[in-house]
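The residues making up each chain are set out below.
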Amino acid sequence: SPPTGTSQPSTAGFGHDIWEIDPTELELFEELGRGQFGSVKRGKWRKNKSVAVKMMQQGMMNEDDFIDEAKTMKMLQHENLVQLYGVCSKQRPIYIVIEYMKHGSLLNYLKRQRGVILKKPNKLLDMCLQVCRAMKYLESQSFIHRDLAARNCLVGDNLVVKVGDFGLARYVLDDEYTSSSGTKFPIKWAPPEVLGYTRFSSKSDVWAFGVLMWEIFTGGDMPYGKIKNQEVVEQVVHHGKRLEKPQACPGEVYDIMMVCWEKDERNRPGFAVLENKLANLSDDDY
Ligand SMILES: CN(C)c1ccc2c(c1)CCN(c1cccc(-c3cc(Nc4ccc(C(=O)N5CCOCC5)cn4)c(=O)n(C)c3)c1CO)C2=O
């Protein structure tokens, strides 16, 4: 949910769009990293609101379609979703202004904290639950993420975990990323129906969620290790191979991962069912 005291930008209601942010109200600081669309910097909005600002490198994104979609994305609000505050679209490069998460990507956090958190299965399970709640909300809004993975989640204050960059895969112009035969396509997080027919759904997000759970319980390992993407497709789609149970993962949790990887998406549970399964496990402190 948006931070307290965030009124709509001053231009709201004066013929401008409420998702338009006045760039003169932004201060930019250090670069936080580079993503699919270019540089991302830490910033301040109106002196007191910590934000992250994505600066859209020309030609990386379908900008008009994104600006149009920004209205919908701004309405998606949940405590485990990285909040879109607005855009600066009257300039080039376009800025996307989002909630700042001080510990960065979940994948890097898992790798940094591996030795500590692999000893705390309750903490690992809690991270899975937080991501599951965000995905249950997106599912309820009929919104498909299309690239759910630990690298696309972020960690904030009090180790809250939030899902970021939801739906942005639709605006990437790099064919290497968008084509299922491209070198940047997230093959290892994709189910058979996406690999075969590019058929995305909330059930394909469920498959990716199972892989994300595996990333959490391995402390950020690469799924299927060094196996090449095309070999993974062969093994997973044609030979029914699945990721093995991580050492730190209890059997009941692995059973939940496995049901996310049912070949037929109709046999996979939705995120509401997954939340119940995970919540029941986290009650039984094991
Ligand atoms: C099409 N898809 C799926 C996309 C498109 C764009 C992006 C992504 C996926 C995911 C990656 N990404 C991206 C790139 C760059 C930054 C951010 C990014 C990084 C943040 N935060 C931090 C904080 C600290 C650090 C840091 O340096 N450390 C080191 C010391 O210990 C603490 C952590 C890094 N990032 C942050 O809050 N947001 C909102 C976005 C993000 C996430 O937003 C994108 O911009």
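Residues numbered from 1 in each chain as written. Predicted model: local features only at pLDDT ≥ 70, side-chain atom pairs only at ≥ 80, totals over all residues. Heavy atoms only, no water.

A. A look at the packing of aromatic side chains. On inspection of all chains with the given rule, the structure shows 4 aromatic pairs. Judged by centre distance (5.7 Å) and plane angle (75 degrees), the rings of Phe-209 and Phe-271 are edge-to-face. Taken as a pair, Phe-209 in helix α6 (residues 202-217) and Phe-271 in helix α9 (residues 271-283) lie far apart in primary sequence, 62 residues in all. Residue classification places Phe-209 among the buried positions, given a relative accessible area of 0%. Here the guanidinium or amino end of Arg-151 rests over the ring plane of Trp-189, the centre of that ring lying 4.2 Å away. (Phe/Tyr/Trp six-rings, centres within 6.5 Å; stacked < 30°, edge-to-face > 60°. Helix = DSSP H or I, 4+ residues; strand = E, 2+ residues; numbered from the N terminus. Buried < 20%, exposed > 50% of the residue type's maximum accessible area, 1.4 Å probe, protein only. Lys NZ or Arg CZ within 6 Å of the ring centre and 35° of its normal.)

B. Representation of the packing of helix α2 (residues 106-117) against α6. In the contact formed by α2 and α6, the axes pass within 9 Å of each other and the chain directions differ by 25 degrees. By the angle class used here, α2 and α6 are roughly parallel. Residue-level inspection shows Leu-106, Leu-107 and Leu-110 of α2 in contact with α6, the latter providing Leu-212, Glu-215 and Ile-216. Classifying every residue of the contact of α2 with α6 by side-chain character gives 5 nonpolar, no polar and 1 charged. (Axes fitted to C-alpha atoms, helices over the stretch in contact; angles between N-to-C directions. Parallel < 35°, antiparallel > 145°, perpendicular 65-115°, else oblique. Contact = heavy atoms within 4.5 Å. Nonpolar A, V, L, I, M, F, W, Y, C, P; charged D, E, K, R; others polar.)

C. Up close: the environment of Cys-88. For Cys-88, the position within the fold is in strand β4 (residues 84-88). You can call Cys-88 buried: its relative accessible area is 1%. Between the C-alpha atom of Cys-88 and that of Asp-255, which follows or precedes it by 167 residues, the distance is 45 Å. Not counting the four nearest positions on each side in its chain, Cys-88 is found in contact with Glu-20, Ile-21, Pro-23, Leu-26, Ile-94, Tyr-95 and Val-97.

D. Examining the site of the ligand more closely. Contacts to the ligand come from 25 residues, most closely from Lys-54, Glu-99, Met-101, Asn-152 and Asp-165. Here Lys-54 contributes a side-chain N or O atom positioned 2.5 Å from an oxygen atom of the ligand. A distance of 2.9 Å separates an oxygen atom of the ligand from a polar side-chain atom of Asp-165. Surface burial for the ligand is 79%, taken as the share of its 870 Å² of free accessible area covered by protein chains. Those elements that place two or more of their residues in the shell around the ligand are β1 (26-35), β3 (49-55) and β5 (95-99). The element best represented in the shell around the ligand is β1, accounting for 4 residues. Tallied by class, the residues present in the shell around the ligand amount to 12 nonpolar, 6 polar and 7 charged. (Near = heavy atom within 4 Å. Polar contact = N/O pair within 3.5 Å; in protein donor to acceptor, adjacent residues only side chain to side chain. Areas by Shrake-Rupley, 256 points an atom, 1.4 Å probe, with all protein chains shown as cover.)

Worth remembering: the numbers are spatial, not functional.
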